[in-house]
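Results of the structural survey
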Amino acid sequence: MYKAVRNILVSTALLLACTAGQAQQQPTADASLWWKHAVLYEIYPRSFQDSNGDGVGDLNGIAERLGYLQKLGVDAIWIAPMYPSPQVDFGYDISDYENVDPQYGTLGDFAKLESTARQKHIRIVLDMVLNHTSDKHRWFVESAGSRMNAKADWYVWNDGIPASTPGLRPIQSKNAHTGGKGSVVPPNNWESYFGGSAWEWSPVREQFYYHKFYKQQPDLNWRNPAVEAAMFATMRFWLDRGVAGFRLDAIPTLFEDPQLRNEGETGGVNAQGDPNLDDSRTNSLPEVHDVIRRMRAMVASYPGDRVLIGETYLPNTAELDKWYGGPAHDELQLPMDMLLGFSNKLDAATFRKFISEAGTQLHGSQPLFVFDNHDNTRSIDRYAPASATAMERDKIGKLLAAVLLTTKSTALLYQGEELGMVTSIPTRREDVKDPIGITGWPKEKGRDGERTPMQWTAGPQAGFSSDPNTWLPIPASYKTANAASESHEPGSQLTWYERLIALRRAMPALHNGTLTMLDEKNPDVLSYVRTVPGQPSVFVALNFSSTTKTVTLDLNAAGVTGKPVKTLLTDDASLVPAATISLTPYASWIGITQ
């Protein structure tokens with residue numbers, strides 16, 4: 001009965017949406033800015049679809065699944081690094097920026113993928129790793145060969161300091177090496193994200209090189225203009241091949257303090273056992289904004305509104321605004337807003353705060369909300385209380401999707417998010433593939449859990465590969481959480497996402513309307529209205545609690561005129577819309593003025 005009633009509600013809603021949304025077909029002032037209203041979808045290529053039976057996903061596999069992405073309503077796919085790489089950090093250690101790793105395919109395969117995607121109105125955004133290369137990249141091989149070659153200063157090199165220097169930190173003392181000037185240690189206390197000192201000794205040069213991440217990922221020296229010129233050239237290589245833009249990996253870390261001063265210790269130790277540091281000397285230095293402005297200008301020289309998306313984990317909205325260029329709007333079009341999606345607190349007031357800040361503190365820039373990616377435990381596992389039942393977890397997943405797809409933001413999904421895929425954390429160290437899990441076990445178990453293969457079917461290997469030895473194991477959840485099964489289930493996560501995205505496209509208010517918070521003092525219910533002149537308004541009410549709650553929809557206070565609201569989409573078939581709405585635990589409701 002529940003499914004039947006819900007089907008009727010949704011069918012009626014979509015009919016209403018299509019009728020009300022006719023004006024959406026008319027061009028608007030910013031209609032050409034495709035990324036402003038887009039649904040972006042991250043693909044981790046190793047785990048999306050294997051086309052040749054080797055247990056690893058590839059470009060032809062992505063091409064095979066474009067129909068699925070088109071049906072879902074995706075506007076662009078972001079492909080995590082597919083370039084040649086030793087795969088120490090699974091592609092984020094690039095050895096050649098202008099080719100495709102053989103395990104993923106060829107440049108020809110990429111050209112076919114780009115062409116097929118374009119036919120389906122799906123753009124391609126590539127991951128671009130600008131902070132570092134692989135130590136196998138020809139630039140680093142040359143740089144490490146001597147102190148007197150053409151690329152000697154393309155990376156961050158330092159002689160170190162005498163091992164007898166007073167006040168050394170332990171992380172320096174235990175990395176002593178004997179060079180031409182006697183025993184030396186790293187010049188400061190900087191740490192690698194993967195554990196240990198961020199400085200690695202090169203016996204050939206008798207110097208240390210800096211690596212913010214793994215030791216096989218030496219940092220480029222962005223203070224050298226030749227480095228910027230070379231990296232911009234690699235970006236042009238792909239822009240010339242039709243990519244719609246780039247997601248810029250670890251972009252705040254391009255520059256380091258030229259004086260190499262120690263970072264401040266904040267107390268305690270991290271999962272690797274190293275002191276916690278404030279990263280003030282190696283993250284978000286002012287110089288990076290000059291580079292981004294030049295990059296924005298370079299990308300803008302290409303037609304088609306190419307876009308720059310930033311991996312920007314920042315402490316607050318004011319800092320996020322700087323990455324847009326503030327009122328100048330001349331840096332990234334879409335720095336990722338991680339404040340909302342990684343608050344990890346299922347709390348209406350917290351969500352209300354971050355959504356409101358994004359609408360008022362970014363100088364009118366377009367927010368990009370993100371709840372999931374390949375580096376973090378999946379959102380359903382971060383936001384659902386440990387006590388939540390399976391049904392409650394399902395509803396919380398839908399609530400998060402409603403926030404992502406009905407607020408005034410560009411939306412970024414991560415593969416499997418729309419299926420309700422869960423994190424599958426390794427239980428044994430010997431099963432861990434991720435380098436941070438290997439060095440941090442058991443406190444840090446790594447990122448394998450969110451990178452497991454996409455769950456397409458309930459068949460062998462979840463339809464991901466014909467090889468039973470997939471690069472990461474298939475989670476047991478694939479039997480029920482898979483695209484094939486969910487596509488036929490009216491109450492599934494996949495169907496919910498499809499319908500939300502359809503509403504987002506069809507309704508002018510969701511596509512381009514303003515957002516006004518409602519019932520702002522309600523501690524448990526997040527509610528807001530999206531409005532655009534001359535079109536029906538859309539109301540959203542979401543219960544963040546485990547008990548039934550009410551919300552008052554004050555149309556006059558919201559400045560909305562029209563008849564009482566009617567349901568567009570809900571996961572609570574018992575709900576009857578009125579001036580005061582009663583929401584069952586974790587229920588989501590979307591309505592429209594008649």
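Residues numbered from 1 in each chain as written. Predicted model: local features only at pLDDT ≥ 70, side-chain atom pairs only at ≥ 80, totals over all residues. Heavy atoms only, no water.

1. Things to note about the overall build of the protein chain
- On a plain count of helices and strands, the protein chain comes out with 17 helices and 23 strands.
- Computed over C-alpha atoms, the radius of gyration of the protein chain comes to 25 Å, within 12% of the 25 Å expected from 2.2 N^0.38 for 594 residues, which places it in the range of a compact globule.
- Reported as C-alpha extents along the three principal axes, the dimensions of the protein chain are approximately 85 × 50 × 50 Å.
- The buried share of the protein chain, reckoned over its 594 residues, is 58%.
- Here the contacts in the protein chain between residues at least 6 apart in sequence split such that 68% fall between residues at least 24 apart. (Helix = DSSP H or I, 4+ residues; strand = E, 2+ residues; numbered from the N terminus. Rg over C-alpha atoms; globule rule 2.2 N^0.38 Å. Buried < 20%, exposed > 50% of the residue type's maximum accessible area, 1.4 Å probe, protein only. Contact = heavy atoms within 4.5 Å.)

2. Observations regarding the packing of helix H13 (residues 390-406) against helix H16 (residues 493-506)
- One can describe the packing of H13 onto H16 by two numbers: an axis separation of 10 Å at closest approach and a directional angle of 20°. Judged by the inter-axis angle, H13 sits roughly parallel to H16. The element H13 and its partner H16 pack so that their crossing is right-handed. Between H13, through Asp394, Gly397, Lys398, Ala401, Ala402, Leu404, Leu405 and Thr406, and H16, the contact on the second element is made entirely by Gln493, Trp496, Tyr497, Leu500, Ile501 and Arg504.
- Partitioned by chemical class, the residues of the contact of H13 with H16 number eight nonpolar, three polar and three charged. (Axes fitted to C-alpha atoms, helices over the stretch in contact; angles between N-to-C directions. Parallel < 35°, antiparallel > 145°, perpendicular 65-115°, else oblique. Left-handed = near helix turned anticlockwise from the far one by under 90°. Nonpolar A, V, L, I, M, F, W, Y, C, P; charged D, E, K, R; others polar.)

3. Some details on the pattern of salt bridges
- Tallied over the entire structure, the rule returns 27 salt bridges.
- One salt bridge connects aspartate 127 with arginine 247, and the closest N-O pair in it is separated by 2.9 Å. A residue pair is termed long-range when its members are at least 10 positions apart, and aspartate 127 in strand E3 (residues 123-129) and arginine 247 in strand E10 (residues 245-249) qualify at 120 residues. By the burial criterion, aspartate 127 is buried, and arginine 247 matches it.
- Where aspartate 290 meets arginine 293, a salt bridge forms, and the shortest distance between an N and an O atom there is 2.5 Å. Of this pair, aspartate 290 and arginine 293 both sit in helix H8 (residues 287-300), three residues apart, which is roughly one turn of the helix. (Salt bridge = Lys/Arg side-chain N within 4 Å of Asp/Glu carboxyl O.)

4. Overview of the nonpolar core
- Core analysis: the largest hydrophobic core is formed by 141 residues, its most contacted members being Tyr41, Ile77, Trp238 and Leu248.
- Excluding residues within four positions of it along the chain, isoleucine 77 makes contact with Tyr41, Ile43, Ile62, Leu66, Leu69, Ile122, Arg123, Ile124 and Val125.
- Formed by 16 residues, the second largest nonpolar core is a distinct cluster that contains Phe539, Ala558, Val560 and Val565. (Core = buried A, V, L, I, M, F, W, Y, C linked by side-chain atoms within 4.5 Å.)

5. Looking at the packing of aromatic side chains
- According to the stated counting rule, one finds 28 aromatic pairs in the structure shown.
- Where tyrosine 193 meets phenylalanine 194, the ring centres are 5.4 Å apart and the plane angle is 75°; that geometry is what we call edge-to-face.
- Accessibility expressed as a relative area gives 42% for tyrosine 193, which makes it partly exposed.
- Ring centres of tryptophan 199 and tyrosine 210 lie 5.4 Å apart, and the angle between their planes is 50°; on these two criteria the pair is classed as tilted. Pair noted here: tryptophan 199 is in strand E8 (residues 199-202) and tyrosine 210 is in strand E9 (residues 207-210), with a separation of 11 residues, a long-range link. Residues tryptophan 199 and tyrosine 210 agree in their burial class; the two are buried. (Phe/Tyr/Trp six-rings, centres within 6.5 Å; stacked < 30°, edge-to-face > 60°.)

6. Quick notes on helix H4 (residues 107-119)
- Counted at 1.5 Å a residue, the expected span for H4 with its 13 residues is 18 Å, and the 19 Å between its end C-alpha atoms agrees.
- Regarding H4, the residues found buried are Asp109, Phe110, Leu113, Glu114 and Ala117. Projection of H4 onto a plane perpendicular to its axis shows the buried side chains occupying an angular sector of 135°, all on one side. Across from the buried face of H4, at angles greater than 90 degrees, the exposed residues are Lys112 and Gln119.
- Where H4 begins, the side chain of threonine 106 points an oxygen toward the backbone nitrogen of glycine 108, at a separation of 3.2 Å.
- Just beyond H4, the residue with positive phi is histidine 121, at close to 60°. (Expected span 1.5 Å × (residues − 1). Arc of directions from axis to C-beta. Polar contact = N/O pair within 3.5 Å; in protein donor to acceptor, adjacent residues only side chain to side chain.)

7. Describing the packing of helix H7 (residues 225-239) against H8
- At a minimum axis distance of 11 Å, the contact between H7 and H8 shows a crossing angle of 30°. Classified by the angle their axes make, H7 and H8 are roughly parallel. Between H7 and H8 lies a crossing whose hand is right-handed. On H8, the residues touching Glu228, Phe232, Met235, Arg236 and Leu239 of H7 are Val291, Arg294, Met295, Met298 and Val299.

8. With respect to the pairing of strand E22 (residues 580-583)
- Burial along E22 is one-sided: the face carrying Ile581 and Leu583 is buried and the face carrying Thr580 and Ser582 is not.
- Note that strand E20 (residues 549-552) and E22 share four bridges and pair antiparallel. Considered in E22, the bridge of valine 551 is made with isoleucine 581. (Pairing = 2+ DSSP bridges.)

9. Description of the sheet that holds E8
- The three strands lie next to each other as E4-E9-E8, forming an open sheet whose pairing is antiparallel. What marks the edges here is a single partner per strand, and that holds for strand E4 (157-158) and E8.
- By the bridge criterion, four bridges tie E8 to E9 in an arrangement that is antiparallel. From the neighbouring strand, tryptophan 201 faces E9, where its bridge partner is phenylalanine 208.

10. Overview of the environment of proline 335
- Relative to the helices and strands, proline 335 resides in strand E14 (residues 334-335).
- Note on proline 335: relative accessible area 0%, which makes it buried.
- In this structure, proline 335 is in contact with Gly310, Thr312, Leu320, Trp323, Tyr324 and Leu368, ignoring residues within four places of it in sequence.

11. Observations regarding the environment of serine 365
- Along the chain, serine 365 turns up in the loop between helix H11 (348-360) and strand E15 (368-370).
- Taking the C-alpha atoms as reference points, serine 365 and glutamate 265, 100 residues apart in sequence, are found 35 Å from one another.
- At a separation of 2.9 Å, a polar atom in the side chain of serine 365 contacts the side chain of histidine 329.

12. Focus: the side chain of aspartate 109
- Tracing the backbone shows aspartate 109 in helix H4.
- Other than its neighbours up to four places away in sequence, aspartate 109 contacts Leu59 and Asn60.

13. Description of unusual backbone geometry
- The omega torsion of the bond from tryptophan 441 to proline 442 falls at 5°, within 30 degrees of zero and hence cis.
- Position of proline 442 relative to the elements: it lies in the loop between helix H14 (435-440) and helix H15 (483-486).
- Non-glycine residue glutamate 206 carries a positive phi angle of around 55°.
- Note that glutamate 206 resides in the loop between E8 and E9.
- Phi at asparagine 344 takes a positive value of approximately 60°, unusual for a residue other than glycine.
- Along the polypeptide, asparagine 344 turns up in the loop between helix H10 (338-341) and H11.

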